Amino acid sequence: MTEPTAHHFAGFDGADLVWREMGGGRAVLMLHGFFSDAQTNWIKYGHADALAARGFRVIMPDLRAHGDSAKPHDVAGYPPDVLARDGLALVERLGLTDYDLVGYSLGARTALRMMIMGARPRRTVISGMGYQGVIDATRRGDFFRRVLTQIGSFERGTPEWFAEAFLKTSGGDPKALVHILDTFVSSTDAELATLDRPVLVLCGEEDQDNGSAQQLAEALPDARYQAVPGNHMSAVAKADLGEAIAAYLAA
């Protein structure tokens, strides 16, 4: 596999952000999860390859405070909905008018916020996200704030210990990432009811980290739920996730 080239674009406020892409054809914008990046979430386990093989142009930004994108430590760089605003800036930068949208976990909630703010993808895949994680976007904030501010203090095998281990693996910057927690905006049932584009809600069968994926599918006007093997962390490492995304978008 050829390593995708990094490209730069300006976030909504001019911050230097990075995206990578591979393949050619119909554009699909893929947003990764918290503590992660495009390489870890989409490239490492072959999900981007699965889409490129189906004839897609796979566009994968590193979200603000993640990967190779800017990691400002100043709180001014993190207004509410900043990730959705950056996503809309990338759509505009690339001139995307007919595209698909995919997100995992934080990226899934960001994709929904982009749609609420006016993005009009043809189809969307919301993965690793449940209803409660959308309606109450800050519900796990205390957990992540603890992980980011008390590094090295967790007992081996605890959820905090595993989260810290993933943070270290991805090379995350705690001082930047902690500000992301203050940008989360909850969505209302009324807002979700306006999202009339087709949506696949895709989630690990053992994943309840963000609440019920089935309930999220029921809250959207044109959505269906599909399970893949794994929990919130392990589902990303299995080929089933990328194959399900590719099959849905190529149908």
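Please refer to the structure placed before this passage.
What counts, and where the lines are drawn
Residues numbered from 1 in each chain as written. Predicted model: local features only at pLDDT ≥ 70, side-chain atom pairs only at ≥ 80, totals over all residues. Heavy atoms only, no water. Phe/Tyr/Trp six-rings, centres within 6.5 Å; stacked < 30°, edge-to-face > 60°. Lys NZ or Arg CZ within 6 Å of the ring centre and 35° of its normal. Helix = DSSP H or I, 4+ residues; strand = E, 2+ residues; numbered from the N terminus. Buried < 20%, exposed > 50% of the residue type's maximum accessible area, 1.4 Å probe, protein only. Pairing = 2+ DSSP bridges. Axes fitted to C-alpha atoms, helices over the stretch in contact; angles between N-to-C directions. Contact = heavy atoms within 4.5 Å. 1 Å grid on protein atoms, 1.4 Å probe; cavity = no way out; pocket = protein on both sides within 12 Å on 5 of 7 lines; lining within 4 Å. Points joined across faces, edges and corners; volume = space filled by probe spheres on them. Nonpolar A, V, L, I, M, F, W, Y, C, P; charged D, E, K, R; others polar. Core = buried A, V, L, I, M, F, W, Y, C linked by side-chain atoms within 4.5 Å. Right-handed = clockwise from strand over helix to strand, strands pointing away.

1. A word on the packing of aromatic side chains
For the structure on display, the rule yields seven aromatic pairs. Within the aromatic cluster, the residues linked to one another by ring pairs are Phe34, Phe35, Phe143, Phe144 and Phe184. Over the ring of Phe184 we find Arg109; its NZ or CZ atom is 4.4 Å from the centre of that ring. Taking NZ or CZ as reference, Arg123 lies 5.3 Å from the ring centre of Tyr248, over its face.

2. Side note on unusual backbone geometry
A positive phi angle, near 70°, is found at Phe35, a position not held by glycine. The residue Phe35 is located in the loop between strand 3 (26-31) and helix 1 (38-43) in this model. What makes Phe35 buried here is its relative accessible area of 4%. The backbone of Ser105 shows a phi angle near 55°, a positive value even though the residue is not glycine. For Ser105, a relative accessible area of 10% corresponds to the buried category.

3. Quick look at the sheet that holds strand 3
With mixed pairing, eight strands are arranged side by side in an open sheet as 1-2-4-3-5-6-7-8. The sheet is open, and its two edges are formed by strand 1 (6-10) and strand 8 (223-228), each paired on a single side. If you compare each strand with its neighbour and ignore which way they point, the axes differ by 25° on average. Pairing between strand 2 (residues 16-22) and strand 4 (residues 56-62): five bridges, direction antiparallel. Bridge pairing in strand 4 places Met22 opposite Val58. Across the sheet, helix 4 (residues 106-116) touches strand 3, strand 5 (99-104) and strand 6 (124-127), and the angle it forms with strand 5 is around 140°.

4. What to know about empty space enclosed by the protein
Throughout the structure, instances matching the rule amount to two cavities of 30 Å³ or more. In this structure, the largest cavity encloses a volume near 90 Å³. Residue lining of the largest cavity: Asp81, Val82, Leu83, Ala84, Leu106, Arg109, Thr110, Arg113, Thr183, Phe184 and Val185, and that is the complete set. Going through the elements one at a time, helix 3 (82-94) and helix 4 are the ones with two or more residues in the lining of the largest cavity. The biggest single contributor to the lining of the largest cavity is helix 4, with four residues. Counted by class, the lining of the largest cavity contains six nonpolar, two polar and three charged residues. The wall of the second largest cavity is formed by Phe9, Leu17, Pro61, Asp62, Leu63, Arg64, Leu83, Asp86, Gly87 and Leu90. Of all the elements in the fold, those that place two or more residues in the lining of the second largest cavity are strand 4 and helix 3. If you tally residues by element for the lining of the second largest cavity, the top one is helix 3, at four residues. In terms of residue class, the lining of the second largest cavity is built from six nonpolar, one polar and three charged.

5. Some remarks on the nonpolar core
Phe34, Phe35 and Leu216 are the most contacted members of the largest nonpolar core, which totals 56 residues. Once residues within four sequence positions are removed from consideration, Phe34 is found in contact with His66, Leu106, Phe144, Leu148, Phe166, Leu177, Ile180 and Leu181. Judged by nonpolar contacts, the second largest core, of 25 residues, contains Phe56, Met60, Val125 and Val228.

6. A look at the pairing of strand 5
Within strand 5, six of the six residues are buried, which leaves the element mostly enclosed by the surrounding structure. Residue alternation in strand 5 divides its side chains into two sets, Tyr99, Leu101 and Gly103 and Asp100, Val102 and Tyr104, and both sets are buried. Where strand 3 and strand 5 come together, five bridges link them in parallel fashion. Across the sheet, residue Leu29 finds its bridge partner in strand 5, namely Leu101. As paired elements, strand 5 and strand 6 share four bridges and run parallel to each other. Counterpart to Val102 in the pairing with strand 6 is Val125. Handedness of the β-α-β unit built from strand 5, helix 4 and strand 6 comes out right-handed.

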